[in-house]
Structure formats: structure tokens, C-alpha cells
Amino acid sequence: MALNNNDASWFRPMWRRVSITVFLAIWLAWEIVWNQDQFWAFLVGFALLYSLYNFFYAFPKEEPKNGEPTEPAPAPPGEDGPRP
């Protein structure tokens, strides 16, 4: 499930995505080690996997600003690369 535009814009700063993911990882460790509750460990583990997928794998890439090209400009004619 992809994030909608409002969610994606709110989660655009990397520190927000990382902090939520770290919080879920700590909570999962707490449930596994201290509470030993399988139900909550399963729920938090699923939320952690969901956040890892949505925040780092499927998160929309930043769009170029002010019409900047996304690929480097081609080399001028006659110059194929660096000289030795």
C-alpha cells in the first residue's frame, strides 16, 4: 500500500522515517525480551516490516527542483572521457 501525497510529504525528511522505524524496532525488542507476548510482538513486527518497506524501499524518490536534469549532461563531441 503506497503512501498518499499528504503522508509522503510529511514523511519526506529522513529523520522522521528513521525515528519511527527505530522506535518500532525498540518496541519489538521490548515485546520479545521483556514482555514475551507473542501477539504484540507479531503486531509490532508486522508494523516494523511495513515501515521498512514503505519508508525505504517504496518511498517516492525526490523530484528534481527547478527543472534540474536527473542525468548528467553528455560529454562534448570529441571528448570520450578522461585523458591518461
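Our structure's up above, just so we're on the same page.
These notes cover the structure that comes with them. Computed from a predicted structure; not experimentally measured.

Conventions used here
Residues numbered from 1 in each chain as written. Predicted model: local features only at pLDDT ≥ 70, side-chain atom pairs only at ≥ 80, totals over all residues. Heavy atoms only, no water. Core = buried A, V, L, I, M, F, W, Y, C linked by side-chain atoms within 4.5 Å. Buried < 20%, exposed > 50% of the residue type's maximum accessible area, 1.4 Å probe, protein only. Helix = DSSP H or I, 4+ residues; strand = E, 2+ residues; numbered from the N terminus. Contact = heavy atoms within 4.5 Å. Expected span 1.5 Å × (residues − 1). Polar contact = N/O pair within 3.5 Å; in protein donor to acceptor, adjacent residues only side chain to side chain. Phe/Tyr/Trp six-rings, centres within 6.5 Å; stacked < 30°, edge-to-face > 60°. Patch = residues over 30% accessible without salt bridge, like charges linked within 9 Å, V, L, I, M, F, W, Y side chains within 5 Å. Areas by Shrake-Rupley, 256 points an atom, 1.4 Å probe, with all protein chains shown as cover. Salt bridge = Lys/Arg side-chain N within 4 Å of Asp/Glu carboxyl O.

**Describing the nonpolar core**
For step 1, the next point in the chain: In terms of nonpolar packing, the biggest core is built from five residues, these being Leu24, Leu28, Ala41, Val44 and Leu48.
For step 2, the next point in the chain: Taken together, the elements giving at least two residues each to this core come down to helix H2 (14-35) and helix H3 (38-57).
For step 3, the next point in the chain: Broken down by element, the residue count for this core peaks at three residues, all from H3.
For step 4, the next point in the chain: Not counting residues within four places of it along the chain, the set of residues in contact with Leu48 comprises Thr21, Leu24, Ala25 and Leu28.

**Points about unusual backbone geometry**
For step 1, the next point in the chain: Positive phi, close to 55°, is recorded for Gln36, a residue that is not glycine.
For step 2, the next point in the chain: By the element assignment, Gln36 lies in the loop between H2 and H3.

**Description of H3**
For step 1, the next point in the chain: With 20 residues, H3 extends 27 Å between its outermost C-alpha atoms, agreeing within 8% with the 28 Å of an ideal straight helix rising 1.5 Å per residue.
For step 2, the next point in the chain: Residues of H3 that are buried sit in contact with H2.
For step 3, the next point in the chain: The residue sitting at the N-terminus of H3 and contributing the capping side-chain oxygen is Asp37; that oxygen lies 3.3 Å from the backbone nitrogen of Phe39.

**Section: the packing of aromatic side chains**
For step 1, the next point in the chain: Throughout the structure, instances matching the rule amount to five aromatic pairs.
For step 2, the next point in the chain: Their ring planes at 50° and their centres at 5.9 Å tell us that Phe23 and Trp27 sit as a pair that is tilted. Taken as a pair, Phe23 and Trp27 lie in helix H2 at a separation of four residues, close to a single helical turn.
For step 3, the next point in the chain: Trp27 sits in the partly exposed class, given a relative accessible area of 31%.
For step 4, the next point in the chain: One aromatic cluster is present, formed by Phe23, Trp27, Phe39 and Trp40 through successive ring pairs.

**With respect to a nonpolar patch on the surface**
For step 1, the next point in the chain: Side chains of Phe23, Trp27, Trp30, Ile32, Val33, Trp34, Phe39, Trp40, Phe42 and Leu43 sit close together on the surface and give an oily, nonpolar patch of about 1200 Å² of accessible area.
For step 2, the next point in the chain: It is H2 that provides the largest number of residues to the nonpolar patch, a total of six residues.
For step 3, the next point in the chain: Phe23 sits in the exposed class, given a relative accessible area of 51%.

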